[in-house]
Protein chains: 2
Amino acid sequence: MQITDIIRKKKNGGVLSAEEITFFVDGYTKGEIPDYQASALLMAIWFAGMNKEETSLLTMSYVHSGETIDLSDIPGIKVDKHSTGGVGDKVSLIVLPVVASLGIPVAKLSGRGLGHTGGTVDKLESIPGFCTEMDLDRFKNQVRTHGVAIAGQTGHLTPADKKIYALRDVTETVDSIPLIAASIMSKKLAAGSDAIVLDVKTGEGAFMKSLEESRALAQTMVDIGRHLGKRTVAVLTEMNEPLGREIGNANEVKEAISILRGEKIPGLYEVVVEISAYMAWLGGAAPTQETARPLVEKVLQEGSALKTLKRLIADQGGDANVVEDPDRLPQAANHREVCSDRAGFVQQIIATDIGYAAMHLGAGRQTKEDRLDYAAGIHLNHRVGDRVEKGDVLCTLWYNDADPQESEQLAKAAFVLGDEPAKEKGSILEVVGALS
Amino acid sequence: MQITDIIRKKKNGGVLSAEEITFFVDGYTKGEIPDYQASALLMAIWFAGMNKEETSLLTMSYVHSGETIDLSDIPGIKVDKHSTGGVGDKVSLIVLPVVASLGIPVAKLSGRGLGHTGGTVDKLESIPGFCTEMDLDRFKNQVRTHGVAIAGQTGHLTPADKKIYALRDVTETVDSIPLIAASIMSKKLAAGSDAIVLDVKTGEGAFMKSLEESRALAQTMVDIGRHLGKRTVAVLTEMNEPLGREIGNANEVKEAISILRGEKIPGLYEVVVEISAYMAWLGGAAPTQETARPLVEKVLQEGSALKTLKRLIADQGGDANVVEDPDRLPQAANHREVCSDRAGFVQQIIATDIGYAAMHLGAGRQTKEDRLDYAAGIHLNHRVGDRVEKGDVLCTLWYNDADPQESEQLAKAAFVLGDEPAKEKGSILEVVGALS
């Protein structure tokens, strides 16, 4: 078999066989196929696409390229959750304790943030002492005994995806639905869960800008999951403004604690309940997603999910008292209020710009090597739909050593004001794969 | 400027600017842009194409990447000729002496053969002593004093094309009309001629299999030529059977001599007259291509073109007596006749297979490093349209050390016989760019 034959087949619109996909993925991972042929094939896939069968085969090739985690010796239906990434997305911090409180074992591998989006591991590490590095035995043992563990992603899972993603990143082949879907789903499958709930962020601040793109990605991932025998649901959620009121690390943990204390923060609360209820249903806590909703709302209102978070923090070496006293989390020395130049109604809060503004304050990474300032971040004083007067505070920047100049400009421009009241959009746009 | 921005623009169907094309070509040639980004861009061009303006800009970027030859101090209109490559294509060996005999200065850089196609330089080197390597001063001096010189291509011209072609060759991005057109035209433009006649071979034995593809390539090259101020004509010629009766090196020289002695070998003669007449017209020897034809036929019949070839051979150190005594050319020790298993009419002679059969006898190169056997080759005893009986000799293989087994099978299978007389196809299919 020759890689050039595979490239030619794909560029001419052909359907790659299992052998051809494996030949490419294995050969590239082992360094037998050079970067320049891999990138030519990836660009051909960008144009010609992949059908369901090919995308599933690619996913499985990624899975088989490295280790996989076997959770079968942990009783119960293990439900994983993944977000395609947004601004202010602290949903995992909340839904994982919620579903663990409902008796669903949670064995979660999470990532770090880059650019304008944050990562769950970074947010958890803003809790003093919290450790996300642990070996597989300890990870599984914690899930078995206390029902929930959250660890950083290990390099031993899906090395093919890691190497191919790095090449896609520099050859403009990231934004291909089959390639994105295979990348995400392979990591979920290698992590060993039984069912998967995907939060597909949609809108200006997300990777998928339009509902059509989001729907296509969601359907592709649901198809892969089903093809490979994993119940999969994708919830399309709104990302035209940041999720919730906090963007950063420690401040997002605080906001998560507020929700776990029963506060119904608009936008964020709806997404948390929707995702948790799908996870609870798939995990067997309720016969339908609808009947799972009141269970979720109960653990939020009664504080049992908050207790689960407290135990999780203690289990992983963190200062569990932050749950009662969030001021123990890192606090920024300086703040600057960003005020409105005019009166009007907030039409939009450009999430990407808020994300980059937070990054420049130290809350995010411009390059993988950057160190984070856990205390840095942005508090949104208003959200879309609000009426503001001239001079009102739109948002507040929190920082230590950073120069807030650029962030202030970005944050100010992110608030788009108009004369007419903005139409309220729902937080949940669509659900794909729920009817099974 | 970032190469990723250029890749993204092209993959999304954008039109690249002069700055972007130059940034890519220069950056890649200098090694500042890695292979994997260049191949991603080339595949994006394969899919998204390039418009006339972009293709001309790419051509000029190739030209400017290296040295160019200035022929302006040689009086007269210098007309170059290029063939896209076929089997048995000895047209240059004939038309260059023909147009030189009409007073048109010929300064020709030619290539070597690879795979199933031959090269003019290899054919000339089958003449004992003939040298195709010379410095630019000697080359130009020979054109100035004797009207014609033929040299091998130098590595100093269009190095960008050379490097990009090598990458295209291993990334399945060769068969892109703008990329082919820019590659061919840049070499012609760097070589300094005033006008260009292109022989676009069309059919099974050629790179362009269909008339539609050939027409598109021809039009693209004619557009580039005009855009850059060079009168350019493309003649689409038939390549569903080999051109003429000889395939090899020394035997093709012999066949060229036969034509220059006035023999009207079917198929070959028509192409020679057509191409020569376009070159003669563009070179100013006649007011139209039609009026140039009798001039061409005259130099063929009266032997003045043969005398020009003789002087060219002598000028370049070769044994000029081969012109009167072609048996002085290398002769093969062995031959094998390939006979027909059945009676019928020859419907097709698959040119690619005849080309590979000749290659296996030693007449062509499988890899660039292979040495040629100048005496090896194939003589076609029949052509399309002929009636053959069972046992008739279809073709004769000539060889020295090679094992003729594989060539015999290939050559036999190349002759497609049928019960009905085959329709005679013309050798000249179409002409693009003649009306200017």
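The shown structure was predicted, so the numbers you read here are calculated from the model rather than taken from an experiment. (Residues numbered from 1 in each chain as written. Chains lettered and ligands numbered in written order. Predicted model: local features only at pLDDT ≥ 70, side-chain atom pairs only at ≥ 80, totals over all residues. Heavy atoms only, no water.)

### Some words on the overall build of chain A
Right, on to step 1. When helices and strands are counted, chain A shows 16 helices and 13 strands.
Right, on to step 2. Here the C-alpha radius of gyration of chain A, 22 Å, is about what a compact globule of 436 residues would show, namely 22 Å.
Right, on to step 3. For chain A, the spread of C-alpha atoms along the three principal axes comes to 65 × 45 × 40 Å.
Right, on to step 4. The buried share of chain A, reckoned over its 436 residues, is 58%.
Right, on to step 5. Long-range pairs, those at least 24 residues apart, make up 78% of the contacts in chain A with a sequence separation of at least 6.
Right, on to step 6. As presented, chain A carries roughly 16,800 Å² of accessible surface, and 49% of it is formed by carbon and sulfur atoms.
Right, on to step 7. Each charge class in chain A can be summarised by its mean position, and for the 47 positive and 61 negative side chains these summaries are 3 Å apart. (Helix = DSSP H or I, 4+ residues; strand = E, 2+ residues; numbered from the N terminus. Rg over C-alpha atoms; globule rule 2.2 N^0.38 Å. Buried < 20%, exposed > 50% of the residue type's maximum accessible area, 1.4 Å probe, protein only. Contact = heavy atoms within 4.5 Å. Areas by Shrake-Rupley, 256 points an atom, 1.4 Å probe, with all protein chains shown as cover. Lys, Arg positive; Asp, Glu negative; His and termini not counted. Charge placed at Lys NZ, Arg CZ, Asp CG, Glu CD.)

### Structural notes on the interface of chain B and chain A
Right, on to step 1. Opposite the 20 residues of chain B that make contact, chain A presents 20 residues.
Right, on to step 2. Both faces combined, the contact of chain B with chain A buries some 1,800 Å², and carbon together with sulfur accounts for 66% of it.
Right, on to step 3. Three residues stand out in chain B for area buried against chain A, namely B:Lys11, B:Tyr36 and B:Glu172, and they jointly supply 37% of the buried area on that side.
Right, on to step 4. On the surface where chain B and chain A come into contact, there are 6 salt bridges.
Right, on to step 5. For the salt bridge of B:Glu172 with A:Arg8, the shortest nitrogen-to-oxygen distance reads 2.7 Å. (Buried area = accessible area lost by both parts, 1.4 Å probe. Salt bridge = Lys/Arg side-chain N within 4 Å of Asp/Glu carboxyl O.)

### Things to note about the relation of the copies chain B and chain A
Right, on to step 1. With an RMSD of 0.1 Å, the operation that places chain B on chain A is a rotation of 179° combined with a shift of 0.0 Å along the axis. Within this description, the copies of the chain are treated as partners about a two-fold rotation axis. Identified as the residue of chain B closest to the rotation axis by C-alpha distance is B:Tyr36, at 2.0 Å.
Right, on to step 2. Of all interface residues in chain B, 100% are interface residues in chain A too; the two copies therefore contact each other through one and the same surface. (Least-squares fit on C-alpha atoms with pLDDT ≥ 70 in both.)

### Notes on the packing of helix 1 (residues 3-11) of chain B against helix 3 (residues 35-48) of chain B
Residue and element names in this part refer to chain B.
Right, on to step 1. Where helix 1 contacts helix 3, the two axes come as close as 9 Å, and the packing angle between them is 15°. The angle between the axes of helix 1 and helix 3 places the two elements in the roughly parallel class. Our pair here, helix 1 against helix 3, has a crossing hand that is left-handed. From helix 1, Ile-3, Thr-4, Ile-6, Ile-7, Lys-10 and Lys-11 reach across to helix 3, where they touch Gln-37, Ala-40, Leu-41, Ala-44, Ile-45 and Ala-48.
Right, on to step 2. The residue inventory of the contact of helix 1 with helix 3, partitioned by class, reads 8 nonpolar, 2 polar and 2 charged. (Axes fitted to C-alpha atoms, helices over the stretch in contact; angles between N-to-C directions. Parallel < 35°, antiparallel > 145°, perpendicular 65-115°, else oblique. Left-handed = near helix turned anticlockwise from the far one by under 90°. Nonpolar A, V, L, I, M, F, W, Y, C, P; charged D, E, K, R; others polar.)

### Section: unusual backbone geometry
Right, on to step 1. A positive phi angle is found at A:Glu172, which is not glycine, with a value near 60°.
Right, on to step 2. Along the chain, A:Glu172 falls in the loop between helix 8 (159-169) and helix 9 (177-190).
Right, on to step 3. Phi at B:Thr158 takes a positive value of approximately 40°, unusual for a residue other than glycine.
Right, on to step 4. With respect to the helices and strands, B:Thr158 occurs in the loop between strand 3 (148-152) and helix 8 (159-169).
Right, on to step 5. Residue classification places B:Thr158 among the buried residues on the basis of a relative accessible area of 3%.

### Some words on the confidence of the model for chain A
Right, on to step 1. Per-residue confidence for chain A gives a mean pLDDT of 95; residues scoring 70 or more make up 100%.
Right, on to step 2. Note on the complex model: pTM 0.89, ipTM 0.87. (pLDDT = per-residue confidence, 0-100.)

### Digging into the packing of aromatic side chains
Right, on to step 1. Following the criterion strictly, the structure yields 7 aromatic pairs over all chains and no others.
Right, on to step 2. Between A:Trp46 and A:Phe47, the aromatic rings sit 4.9 Å apart at their centres with planes inclined by 70°, giving edge-to-face as the arrangement.
Right, on to step 3. Residue classification places A:Phe47 among the partly exposed positions, given a relative accessible area of 25%.
Right, on to step 4. Where A:Phe47 meets B:Phe47, the ring centres are 4.4 Å apart and the plane angle is 0°; that geometry is what we call stacked. Placement of A:Phe47 in helix 3 (residues 35-48) and of B:Phe47 in helix 3 is noted, with the two residues assigned to different chains.
Right, on to step 5. These aromatic residues form a ring-pair network of at least three members: A:Trp46, A:Phe47, B:Trp46 and B:Phe47.
Right, on to step 6. The side chain of A:Arg231 reaches across the aromatic face of A:Trp281, ending 5.0 Å from its centre. (Phe/Tyr/Trp six-rings, centres within 6.5 Å; stacked < 30°, edge-to-face > 60°. Lys NZ or Arg CZ within 6 Å of the ring centre and 35° of its normal.)

### Let's talk about the packing of helix 2 (residues 18-29) of chain A against helix 4 (residues 52-64) of chain A
Packed helix pairs are specified by the crossing angle of their axes together with the interaxial distance, meaning the distance between the axes.
All names here are of chain A.
Right, on to step 1. Relative orientation of the contacting elements helix 2 and helix 4 amounts to 40°, with a least axis distance of 9 Å. When the axis of helix 2 is compared with that of helix 4, the two are oblique. Helix 4 is crossed by helix 2, and the crossing has right-handed handedness. Contacts from Ala-18, Ile-21, Thr-22 and Val-25 in helix 2 reach Glu-54, Leu-57, Leu-58, Ser-61 and Tyr-62 in helix 4.
Right, on to step 2. Taken together, the residues that form the contact of helix 2 with helix 4 break down as 6 nonpolar, 2 polar and 1 charged.

### Side note on the pairing of strand 5 (residues 231-238) of chain B
Residues and elements named next belong to chain B.
Right, on to step 1. Counting buried residues along strand 5, 7 of its 8 residues qualify, which places the element largely inside the surrounding structure.
Right, on to step 2. As defined by bridge partners, strand 4 (residues 195-202) adjoins strand 5 across 8 bridges and the pair is classed as parallel. Looking at strand 5, one finds that Val-197 is bridged to Val-233.
Right, on to step 3. For the segment spanning strand 4, helix 10 (residues 211-227) and strand 5, crossover handedness is right-handed. (Pairing = 2+ DSSP bridges. Right-handed = clockwise from strand over helix to strand, strands pointing away.)

### Remarks on the state of the cysteines
Right, on to step 1. Counted by the stated rule, this structure contains 0 disulfides over all chains.
Right, on to step 2. Just so you know, B:Cys339 is unpaired, no disulfide at all, and the nearest cysteine sulfur is the one on B:Cys395, 9.1 Å from it. (Disulfide = S-S within 2.5 Å.)

### Considering the domain arrangement of chain A
Right, on to step 1. As far as domains go, chain A holds domain 1 (3-49), domain 2 (79-325) and domain 3 (331-418).
Right, on to step 2. Each of domain 1 of chain A and domain 3 of chain A was reduced to a C-alpha centroid, and the two centroids are 43 Å apart. (Domains from an automatic or database assignment.)

### Structural notes on helix 9 of chain A
All names here are of chain A.
Right, on to step 1. In this model, helix 9 (14 residues) spans 20 Å end to end at C-alpha, consistent with the 20 Å of a helix rising 1.5 Å per residue.
Right, on to step 2. In terms of burial, helix 9 is largely enclosed, as 12 of its 14 residues are buried.
Right, on to step 3. Positive phi shows up at Gly-192, right after helix 9, with a value of about 85°. (Expected span 1.5 Å × (residues − 1).)

### Brief notes about the environment of A:Ile349
Residue and element names in this part refer to chain A.
Right, on to step 1. For Ile-349, the position within the fold is in strand 8 (residues 344-349).
Right, on to step 2. For the pair Ile-349 and Phe-415, spaced 66 residues apart in the sequence, the C-alpha separation amounts to 4.7 Å.
Right, on to step 3. Residues contacting Ile-349, with those up to four places away along its chain left out, are Asn-240, Glu-241, Pro-242, Ile-354, His-382, Arg-383, Val-384, Ala-414 and Phe-415.

### Some thoughts on the pattern of salt bridges
Right, on to step 1. The final tally for this structure, using the stated rule, is 57 salt bridges over all chains.
Right, on to step 2. Across the pair B:Lys201 and B:Asp199 runs a salt bridge whose closest N-O atoms are separated by 2.8 Å.
Right, on to step 3. Judged by its relative accessible area of 0%, B:Asp199 is buried.
Right, on to step 4. With a shortest N-O distance of 3.2 Å, B:Lys412 and B:Asp341 are connected by a salt bridge. Highlighted residues: B:Lys412 in helix 16 (residues 405-414) and B:Asp341 in the loop between strand 7 (334-339) and strand 8 (344-349), separated in sequence by 71 residues.
Right, on to step 5. Given a relative accessible area of 31%, B:Lys412 falls into the partly exposed group.
Right, on to step 6. Connected through salt bridges with shared partners, the residues A:Asp5, A:Arg8, A:Lys11, B:Glu172 and B:Asp175 form a single ionic network.

### Comments concerning the sheet that holds strand 10 (residues 387-388) of chain A
All names here are of chain A.
Right, on to step 1. The antiparallel open sheet is built from 3 strands, whose spatial order is 10-8-12. Either end of the sheet is taken by a strand with one partner, and the two such strands are strand 10 and strand 12 (415-418).
Right, on to step 2. Direction of pairing for strand 8 relative to strand 10: antiparallel, over a ladder of 2 bridges. By the bridge assignment for strand 10, Phe-345 is matched with Arg-387.
Right, on to step 3. Along the sheet, helix 16 (residues 405-414) contacts strand 8 and strand 12; its crossing angle with strand 12, the most-contacted strand, is approximately 35°.

### Here we look at the side chain of A:Thr232
Residues and elements named next belong to chain A.
Right, on to step 1. By the element assignment, Thr-232 lies in strand 5 (residues 231-238).
Right, on to step 2. Thr-232 gets classed as buried once you look at its relative accessible area, which sits at 1%.
Right, on to step 3. Within the local environment of Thr-232, its side chain forms a polar contact with the backbone oxygen of Lys-230, the two atoms lying 2.9 Å apart.
Right, on to step 4. The contact partners of Thr-232, leaving out residues within four places of it in the chain, are Met-185, Ile-196, Leu-198, Met-221, Val-222, Gly-225, Arg-226, Val-432 and Gly-433. (Polar contact = N/O pair within 3.5 Å; in protein donor to acceptor, adjacent residues only side chain to side chain.)

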